[in-house]
Amino acid sequence: MDALDRVVKPKTKRAKRFLEKREPKLSENIKNAMLIKGGNANATVTQVLKDVYALKKPYGVLYKKKNITRPFEDQTSLEFFSKKSDCSLFMFGSHNKKRPNNLVIGRMYDYHVLDMIELGIEKFVSLKDIKNSKCPEGTKPLLIFAGDDFDMTEDYRRLKSLLIDFFRGPTVANIRLAGLEYVLHFTALNGKVYFRSYKLLLKKSGCRTPRIELEEMGPSLDLVLRRTHLASDDLYKLSMKMPKALKPKKKKNMSQDTFGTTYGRIHMQKQDLSKLQTRKMKGLKKRPAERLTEDQEKKSKRIKNN
Amino acid sequence: MEGPSVEELLAKAEQDEVEKLQRITVHKELELEFDLGNLLASDRNAPTALRQAGPAPEAELRALARDNTQLLVNQLWQLPTERVEEAVVARLPEPTTRLPREKPLPKPRPLTRWQQFARLKGIRPKKKTSLVWDEVSGQWRRRWGYKRARDDTKEWLIEVPDGADPLQDQFAKRVQAKKERVAKNELNRLRNLARAHRTQLPSAAGMRPAGHQTKEELRRAVQVAKLSTASAGRFQERLPKERAPRGSGRKRKFQPLFGDFAAERKSQLELLRVLNSKKPKLDVTRATNKQMREEDQEEAARRRRMGQKGKRKGGPPSQGGKRKGRLGGQTQSRPPGAGSRRKGGQHRAGGRRK
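- The name given to chain A in an unreviewed UniProt entry is Ribosome production factor 2 homolog, with the source organism recorded as Chinchilla lanigera.
- Reading the Subcellular location (unreviewed entry) entry of the UniProt record for chain A gives the comment "Nucleus, Nucleolus".

This is how it looks when you write it as structure tokens:
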């Protein structure tokens, strides 16, 4: 549905641009994240949300006020926020006696909740507790997942996919090699997920590729997997559907041999070889007298056959 | 002294290479999986060193991270590079990890009436200039829109044409014609939208003035016109002899506050009895009326379909369309009293009426 296909058309160009930004497209916008505090969020959880917002700037929205909702019981409030701010990723922090330092991370499809995973924060070291220089905001991080647990269960697989979606940033075609600033490292071990972020220091090595040294920079969290609300298989399949236009087109009729020469096949129509254009040799041209005798021979042959 | 042999030279060169790469090589049992489009690496090796470490495995985590990052950076430095404004830039491949979309795929829109016609006839849009020379103002103006080149509503002098009434306002006539054109355009746009969504526009059958309309039809047209205001007809006055419309408004009927005490007591007790009973109540009247209504609707639909099929073989299609509209109108505007005149049984409980 185009912006102009509504019953009430937008009256200004600005309104039209606003609507066009939000409508479904073939290649989508960068996903925005909204960071929400629950009714009883404590200092730890608030600081976690602030740090994640710093990592996700400018593709994130941090809500300052507390919102009294429970994501696992009622998702309408989250869906309303998502529709208003056009955010498809969310992180909800809360704290109570049964679930201390709780963080719900999730994503939306068509403004409805697709996946939600609840994580408990066991240990947290904030950005401001580690005193060193940080990298500029908006840099694309390197993501590393370690541990074979990430492929064991469906929960962990979805968690990995969700974390990639959350932290990956804009998809770019080129990247400046000196601009690779920081790396987010997730390790799954003994039922816990260790989230660490390090600043990248490129040191000289003998060859072109530099040697890497790491310096602890950013927030570090020890997370425990609590409840999950994963999408059903068919909804997940529907959300993964890729448009045909974006599928890579196979180039036909091209083949290469071992030397690197490219071969292709040209298909020609049937040619009349007698009417072929060749080089004209003036000496071989028929003289008028000869042409006349040839015609007479042809005529006599035709009469004889009939 | 003999010169160094070829094998020795080769061995020395290899050793030098290995030394050079020593700083950046990392040994892993299982190779990592890379998705360079997302700057992503997945390490499938079991973290044995970490398991042996104590509760705060910071140093081990950092060592593991360093190794994995070194491998990822090695891969990234293999990518083809180019120079963009004094910076060395690597070209990333397409991301291979499939992630869910945030919105559903855009649906292709069906063609509008004009687009269908143009496709049939092979008409292609002609490329036009965006600005047109305007003689009147002596400048280049846009072809359409605000302050356009030839705006006939903005002329200061209009000659009265030969056959026209001299007392008619020609300026008002032009403004009126423009308003009609805009309204027609909007109607066509809404019709195209309705066709795209396969819904029907609210039908305006019988609302347009034709010379031969009955009193009833005119009355209905007046009612609909009254309702088509911004406040849905709430502030429209009625003419002195105009009848109140029948069948409109919500039906609410209340019992008087102090009335028949015996009847009130009986109805309350009946209500309590119904609430406490386990069996569901069946209102025979309502059930039979519902059944009859459904049968009538099916009958009407069947008749309509037969009528359309018969008419399609012979006769113009417009007649079939009109007939459909009429039948549809008739089934809807049947008086409500007709359905409930038949009562199945005398089962009326708790003061509930249909």
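Still to come is the rest of the account.
1. Notes on the overall build of chain B
At step 1: Looking only at helices and strands, one finds ten helices and six strands in chain B.
At step 2: Buried residues in chain B amount to 18% of all 354 residues.
At step 3: Across chain B, the fraction of contacts at a sequence separation of at least 24, relative to all contacts at a separation of at least 6, is 42%.
At step 4: Split by element, the accessible area of chain B, about 30300 Å² in all, is 54% carbon and sulfur.

2. Description of the side chain of A:Gln75
All names here are of chain A.
At step 1: Tracing the backbone through its elements, the reader meets Gln75 in the loop between strand E2 (60-66) and helix H3 (76-85).
At step 2: Residue Gln75 is classed as buried on the basis of its relative accessible area of 18%.
At step 3: In this view, Gln75 contacts Val113, Met116 and His229; residues no more than four positions away in its chain are not counted.

3. Observations regarding H3(A)
Since the α-helix turns once every 3.6 residues, residues separated by three or four places project in the same direction.
At step 1: Of the positions making up H3(A), those classed as buried are A:Ser77, A:Leu78, A:Glu79, A:Phe81, A:Ser82 and A:Ser85.
At step 2: Packing partners of the buried residues in H3(A) comprise helix H1 (13-22), strand E1 (33-37), E2, strand E3 (89-94), strand E4 (102-109) and strand E5 (112-125) of chain A.

4. A closer look at the nonpolar core
At step 1: In this structure, A:Phe166, A:Phe167 and A:Phe186 are the most contacted members of the largest nonpolar core, which totals 38 residues.
At step 2: Element by element, the count of residues in this core is highest for helix H4 (residues 154-167) of chain A, at seven residues.
At step 3: Contacts of A:Phe186, omitting those with residues within four sequence positions, involve A:Leu143, A:Ile144, A:Phe145, A:Ala146, A:Phe150, A:Leu163, A:Phe167, A:Tyr194 and A:Phe195.
At step 4: Core analysis: the second largest hydrophobic core is formed by 30 residues, A:Ile144, A:Leu177, A:Leu180 and B:Leu72 among them.

5. Observations concerning a positive patch on the surface
At step 1: A contiguous patch of positive charge on the surface is contributed by A:Lys13, A:Arg14, A:Arg17, B:Arg142 and B:Lys147.
At step 2: With three residues, H1(A) is the largest single contributor of residues to the positive patch.
At step 3: Looking at the element boundaries, A:Arg14 is found in helix H1.
At step 4: The exposed category is assigned to A:Arg14, whose relative accessible area is 67%.

6. Brief notes about the environment of A:Glu181
Residues and elements named next belong to chain A.
At step 1: By secondary structure assignment, the location of Glu181 is in the loop between strand E7 (174-176) and strand E8 (182-189).
At step 2: Separated by 20 residues in the primary sequence, Glu181 and Leu201 have C-alpha atoms spaced 7.9 Å apart.
At step 3: Ignoring anything within four residues of it in the chain, the contact list for Glu181 reads Cys135, Pro136, Thr139, Tyr198, Lys199 and Leu200.

7. A few points about the interface of chain A and chain B
At step 1: Facing 76 residues of chain A, the contacting portion of chain B comprises 57 residues.
At step 2: With both chains or domains summed, chain A and chain B bury close to 6200 Å², and 59% of this area falls on carbon and sulfur atoms.
At step 3: Of all residues in chain A, A:Leu177, A:Arg211 and A:Met240 give up the largest surface area on contact with chain B, accounting jointly for 9% of the area buried on that side.
At step 4: Taken together, the connections running from chain A to chain B amount to five salt bridges.
At step 5: B:Glu58 is the salt-bridge partner of A:Lys123, the closest N and O atoms lying 3.5 Å from each other.
At step 6: For the pair chain A and chain B, the number of links is 31 residue pairs in polar contact (both at pLDDT 80 or more).
At step 7: The class makeup of the residues in the side of chain A that touches chain B is 36 nonpolar, 13 polar and 27 charged.
At step 8: Where E7(A) lies against strand E4 (residues 87-91) of chain B, three bridges are found, and the strand directions are antiparallel. The residue of E4(B) that forms the bridge with A:Arg176 is B:Val89.

8. Here we look at a nonpolar patch on the surface
All names here are of chain B.
At step 1: Taken together, the side chains of Leu269, Leu271, Leu272 and Leu275 define a hydrophobic patch exposed on the protein surface, amounting to about 410 Å² of accessible area.
At step 2: By secondary structure assignment, the location of Leu271 is in helix H7 (residues 261-276).
At step 3: Residue Leu271 is classed as partly exposed on the basis of its relative accessible area, which comes to 45%.

9. As for empty space enclosed by the protein
Residues and elements named next belong to chain A.
At step 1: Applying the stated criterion across every chain yields a total of five cavities of 30 Å³ or more.
At step 2: Estimated volume of the largest cavity: approximately 120 Å³.
At step 3: Looking at the largest cavity, it is lined by 14 residues, and the ones nearest its centre are Leu55, Lys56, Thr139, Phe167 and Gly169.
At step 4: Elements supplying a minimum of two residues to the lining of the largest cavity: helix H2 (43-56), H4 and E8.
At step 5: Volume-wise, the second largest cavity comes out at about 80 Å³.
At step 6: Where the lining of the second largest cavity is concerned, the elements lending two or more residues are E4, H4 and strand E11 (220-229).

10. Description of the pairing of E3(A)
Along a regular strand, successive side chains alternate from one face of the sheet to the other.
All names here are of chain A.
At step 1: Judged by how many residues are buried, E3 sits mostly within the fold: six of six residues are covered.
At step 2: Going residue by residue along E3, you find Leu89, Met91 and Gly93 tucked away on one face and Phe90, Phe92 and Ser94 tucked away on the opposite face as well.
At step 3: As paired elements, E1 and E3 share five bridges and run parallel to each other. Residue pairing for E3: Leu35 is matched across the bridge by Met91.

11. Regarding the sheet that holds E4(B)
At step 1: Strand order in the open sheet formed by three strands is E7(A)-E4(B)-E3(B), with antiparallel pairing between adjacent strands. Strands with a single pairing partner mark the edges of an open sheet, and in this sheet they are E7 of chain A together with strand E3 (81-84) of chain B. Strand after strand, the sheet turns through a mean of 40° between neighbouring axes, direction not considered.

12. Considering the pairing of E1(A)
All names here are of chain A.
At step 1: Most of E1 is tucked away, with five of its five residues classed as buried.
At step 2: Side chains of E1 alternate between two faces, with Ala33, Leu35 and Lys37 and Met34 and Ile36 buried alike.
At step 3: Of the pairings in the sheet, the one linking E1 to E2 comprises four bridges and is parallel in character. What sits directly across from Met34, in E2, is Val61.
At step 4: One crossover worth recording links E1 to the parallel E2 by way of H2, and it is right-handed.

Here is what the cut-offs are and how they apply
Residues numbered from 1 in each chain as written. Chains lettered and ligands numbered in written order. Predicted model: local features only at pLDDT ≥ 70, side-chain atom pairs only at ≥ 80, totals over all residues. Heavy atoms only, no water. UniProt positions renumbered as here; feature names shortened; annotations may be inferred. Helix = DSSP H or I, 4+ residues; strand = E, 2+ residues; numbered from the N terminus. Buried < 20%, exposed > 50% of the residue type's maximum accessible area, 1.4 Å probe, protein only. Contact = heavy atoms within 4.5 Å. Areas by Shrake-Rupley, 256 points an atom, 1.4 Å probe, with all protein chains shown as cover. Core = buried A, V, L, I, M, F, W, Y, C linked by side-chain atoms within 4.5 Å. Patch = residues over 30% accessible without salt bridge, like charges linked within 9 Å, V, L, I, M, F, W, Y side chains within 5 Å. Salt bridge = Lys/Arg side-chain N within 4 Å of Asp/Glu carboxyl O. Lys, Arg positive; Asp, Glu negative; His and termini not counted. Charge placed at Lys NZ, Arg CZ, Asp CG, Glu CD. Buried area = accessible area lost by both parts, 1.4 Å probe. Polar contact = N/O pair within 3.5 Å; in protein donor to acceptor, adjacent residues only side chain to side chain. Nonpolar A, V, L, I, M, F, W, Y, C, P; charged D, E, K, R; others polar. Pairing = 2+ DSSP bridges. 1 Å grid on protein atoms, 1.4 Å probe; cavity = no way out; pocket = protein on both sides within 12 Å on 5 of 7 lines; lining within 4 Å. Points joined across faces, edges and corners; volume = space filled by probe spheres on them. Axes fitted to C-alpha atoms, helices over the stretch in contact; angles between N-to-C directions. Right-handed = clockwise from strand over helix to strand, strands pointing away.

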